[in-house]
Amino acid sequence: MATSKIEWTEMTWNPVTGCTKISTGCKNCYAEIMSSRLKAMGTEKYTNGFDLTLHPQEINTPRRWKKPRTIFVNSMSDLFHKGVPDEFILEVFSTMRECPQHHFQVLTKRANRLRRISKKIAWPENVWMGVSVEDKRRYRRIEGLCSSDAKVKFLSLEPLLGPLPDLPLSGIDWVIVGGESGPKARPLDRQWVIDIRDQCIETNVPFFFKQWGGTNKKRNGRELDGQIYDEMPVFSAA
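What comes next concerns the included structure. (Residues numbered from 1 in each chain as written. Predicted model: local features only at pLDDT ≥ 70, side-chain atom pairs only at ≥ 80, totals over all residues. Heavy atoms only, no water.)

Right, let's talk about the layout of surface pockets for a bit. In this structure, the second largest pocket spans a volume of roughly 250 Å³. Along the walls of the second largest pocket sit 14 residues, with K109, R110, A111, N112 and R141 positioned nearest its centre. Of all the secondary structure elements, the ones that give two or more residues to the lining of the second largest pocket are α3 (111-117) and α4 (139-146). Per-class residue counts for the lining of the second largest pocket are 2 nonpolar, 1 polar and 11 charged. (1 Å grid on protein atoms, 1.4 Å probe; cavity = no way out; pocket = protein on both sides within 12 Å on 5 of 7 lines; lining within 4 Å. Points joined across faces, edges and corners; volume = space filled by probe spheres on them. Helix = DSSP H or I, 4+ residues; strand = E, 2+ residues; numbered from the N terminus. Nonpolar A, V, L, I, M, F, W, Y, C, P; charged D, E, K, R; others polar.)

Moving on, we come to the pattern of salt bridges. Applying the stated rule across the entire model yields 17 salt bridges. A salt bridge links R197 to D225, with the nearest nitrogen and oxygen atoms 3.0 Å apart. Note that R197 is positioned in helix α5 (residues 190-203) and D225 in the loop between β11 (223-224) and β12 (227-228), a separation of 28 residues in sequence. We classify R197 as buried; its relative accessible area is 11%. What makes D225 partly exposed here is its relative accessible area of 44%. Residues participating in the shared-partner salt-bridge network are E134, D135, R137, R138 and R141. (Salt bridge = Lys/Arg side-chain N within 4 Å of Asp/Glu carboxyl O. Buried < 20%, exposed > 50% of the residue type's maximum accessible area, 1.4 Å probe, protein only.)

This next bit is on the packing of aromatic side chains. The tally for this structure, following the rule as stated, stands at 11 aromatic pairs. Ring geometry for F93 and W123: centres 5.0 Å apart, planes at 75°, overall edge-to-face. Residue F93 is located in helix α2 (residues 86-97), and its partner W123 is located in the loop between α3 and β7 (127-132); the two are separated by 30 residues in the primary sequence. Residue F93 is classed as buried on the basis of its relative accessible area of 1%. Given the relative accessible area of 9%, W123 is considered buried. The rings of W8, F72, W128, F154, W174 and F208 are connected pair by pair, giving a single aromatic cluster. (Phe/Tyr/Trp six-rings, centres within 6.5 Å; stacked < 30°, edge-to-face > 60°.)

Buried within α4 we find Y139, R141, I142, G144 and L145. The elements touched by buried residues of α4 are α3, β7 and β8 (152-157). (Contact = heavy atoms within 4.5 Å.)

The subject of this paragraph is the sheet that holds strand β1 (residues 2-3). Read across the open sheet, the 8 strands follow the order β1-β2-β5-β6-β7-β8-β9-β10; overall the sheet is mixed. Bordering the open sheet on either side are β1 and β10 (207-211), each of which pairs with just one other strand. The pairing of β7 with β8 spans 5 bridges and is parallel. Pairing of W128 across the sheet is with V152, part of β8. (Pairing = 2+ DSSP bridges.)

Here we take up α5. The terminal C-alpha atoms of α5, which comprises 14 residues, lie 20 Å apart, in line with the 20 Å expected from a rise of 1.5 Å per residue. Residues W192, V193, I194, I196, R197, Q199 and C200 constitute the buried set of α5. Contact partners of the buried residues in α5: β8, β9 (174-178), β10 and β11. The N-terminus of α5 is capped by D189, whose side-chain oxygen sits 2.8 Å from the backbone nitrogen of Q191. Of the residues one or two after α5, N204 is the one with positive phi, at around 60°. (Expected span 1.5 Å × (residues − 1). Polar contact = N/O pair within 3.5 Å; in protein donor to acceptor, adjacent residues only side chain to side chain.)

Here it is, written out as structure tokens:
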């Protein structure tokens, strides 16, 4: 587990690393770039680079953290990748369920797998389940998320690559928006962000604007109309 610079979480926990690309949002994957760097540095966990790799020795890591934390699960992979056995996914959920002092954020692009396995999962209150939606062609992922029995459901609209009109926000507890960053970052239109913010306000869904992104994301910042939007879902304390 490591402290995270991601604005909407505190820590990362990666019982799985590596992935494969499935949509346009994956084109400039930060995890792939980071995995290559870590492999070049000789980091043992990334010996396989960005090839999908299970790390069963990491399953119990959150149990050692007594202080409550917000934890992003598999920031360097996708827990619902077809190469991850059902049994392994259920072990990860067992750990999360038995660590009620933490809040775990799980994010996937593989909503069909989420839909299929959802009934096998005993969903705890402290797991926030989300799907990535980078353009309007991915709205079906939201359907997959909403069909699950997750207690808290969220959308990560990052990297946002186009307008998202008429987002189906019924049953959604949180929306994150962010532009792509890095030397090959694709542009983010301000109006796309404003439209999503306004949809969230209208439906009373917490809105978190992560970044404008671009080649210099620090300089571009994360203010929208002079305001920082860092709303979070409402949850009960453990």
